[in-house]
Amino acid sequence: MPFRELTPLGLLRPQVLDQIHAERPDLDPSGFICRDDLDRFRVQHVRRVLQEQIGEIAELDQAMIERLASHDLVSAPVDAEIDRTTTTGQRIADRVAAFGGSWTFIILFGVVLVAWMALNTVMLGMRAFDPFPYILLNLILSCLAAIQAPVIMMSQNRQEARDRRRAENDYLVNMKAELEIRLLHEKLDHLLHREWARLLEIQEIQIEMMRGRDRERDGTG
């Protein structure tokens, strides 16, 4: 296996190192571990930490762990996913709720009320089909409110489900970002360790060359 795919055990976090020693107690502390095995132990450590925090691994946490192990993205297009499963009734409820909460509905509703009262009070006079106190209008308004309220509640429930899905998606993204940052720190430590080792080797070679020249100079002198 190439050396670049190996990580010194001394650069690992103590918690991950304890996880490795628990499974391989005979492992040399100054040895190396390959990338695949390191990812496997990191996933085991994340699963153990989550179990200690919440007692059991939730469905979201399990999905995050699996995607972390497979290096897949945890984010998903929430709106597109929800829109694909939306039924015709749910779309109608959304449109009714959107129209009922707009200025267009308020202005149109006010115009209809004023026109109804003006028609039955001024224009028709004694032949009004709904004279004051407008009992028929009150009945229509009550029926409209009784129908509109559950429709708006259905739309609000869908919006809550959409917000909940977005919050779950944000939770997965934030958790994986935190774990990836930790892994990035470990990789940087590994690169710095290798770079320092190379610089040390180059410096030792330079010192040996300088000593060899000094010996040659002393011999010729």
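For the structure, check the block above.
Just so it is clear, the structure is predicted and the values come from calculations on it, not from any experiment.

What counts and how
- Residues numbered from 1 in each chain as written.
- Predicted model: local features only at pLDDT ≥ 70, side-chain atom pairs only at ≥ 80, totals over all residues.
- Heavy atoms only, no water.
- Helix = DSSP H or I, 4+ residues; strand = E, 2+ residues; numbered from the N terminus.
- Buried < 20%, exposed > 50% of the residue type's maximum accessible area, 1.4 Å probe, protein only.
- Areas by Shrake-Rupley, 256 points an atom, 1.4 Å probe, with all protein chains shown as cover.
- Expected span 1.5 Å × (residues − 1).
- Arc of directions from axis to C-beta.
- Salt bridge = Lys/Arg side-chain N within 4 Å of Asp/Glu carboxyl O.

I'm lost on the overall build of the chain in this one. Help?
When helices and strands are counted, the chain shows 7 helices and 2 strands. Along the chain, helices (α) and strands (β) appear in the sequence β-α-β-α-α-α-α-α-α when read from the amino end. Expressed as a percentage of its 221 residues, the buried residues of the chain come to 24%. Entry remark: accessible area of the chain is about 16000 Å², with carbon and sulfur atoms responsible for 61%.

Teacher, can you tell me more about helix α5 (residues 88-100) here?
Residues three or four positions apart in an α-helix share a direction because the helix packs 3.6 residues into each turn. An ideal rise of 1.5 Å per residue puts 18 Å on 13 residues; α5 measures up with 18 Å between its terminal C-alpha atoms. If you check which residues of α5 are buried, you get A93, A97 and G100. Within α5, the buried residues cover an arc of 65° as seen down the axis, which keeps them to one side. When the buried face of α5 is taken as reference, the exposed residues oriented beyond 90 degrees from it are T88, R95 and A98.

Before we go on, may I ask you to explain helix α1 (residues 14-23) in this structure?
Among the residues of α1, those classed as buried are V16, L17, Q19 and I20. For α1, the buried positions fall inside an angular range of 155° around the axis, keeping them on one side. Within α1, the exposed residues directed more than 90 degrees away from the buried face are P14, D18 and A22.

Can you help me understand the pattern of salt bridges in this one?
Close approach of charged atoms allows side chains of opposite charge to pair. In total, this model carries 2 salt bridges according to the counting rule given. In this structure, R158 engages D94 in a salt bridge whose closest nitrogen and oxygen atoms are separated by 2.8 Å. Of this pair, R158 sits in helix α7 (residues 135-220) while D94 is found in helix α5, placing the two residues 64 residues apart along the sequence. D94 gets classed as partly exposed once you look at its relative accessible area, which sits at 23%. The partner of D163 in a salt bridge is R166, and the shortest N-O contact between them spans 3.7 Å.

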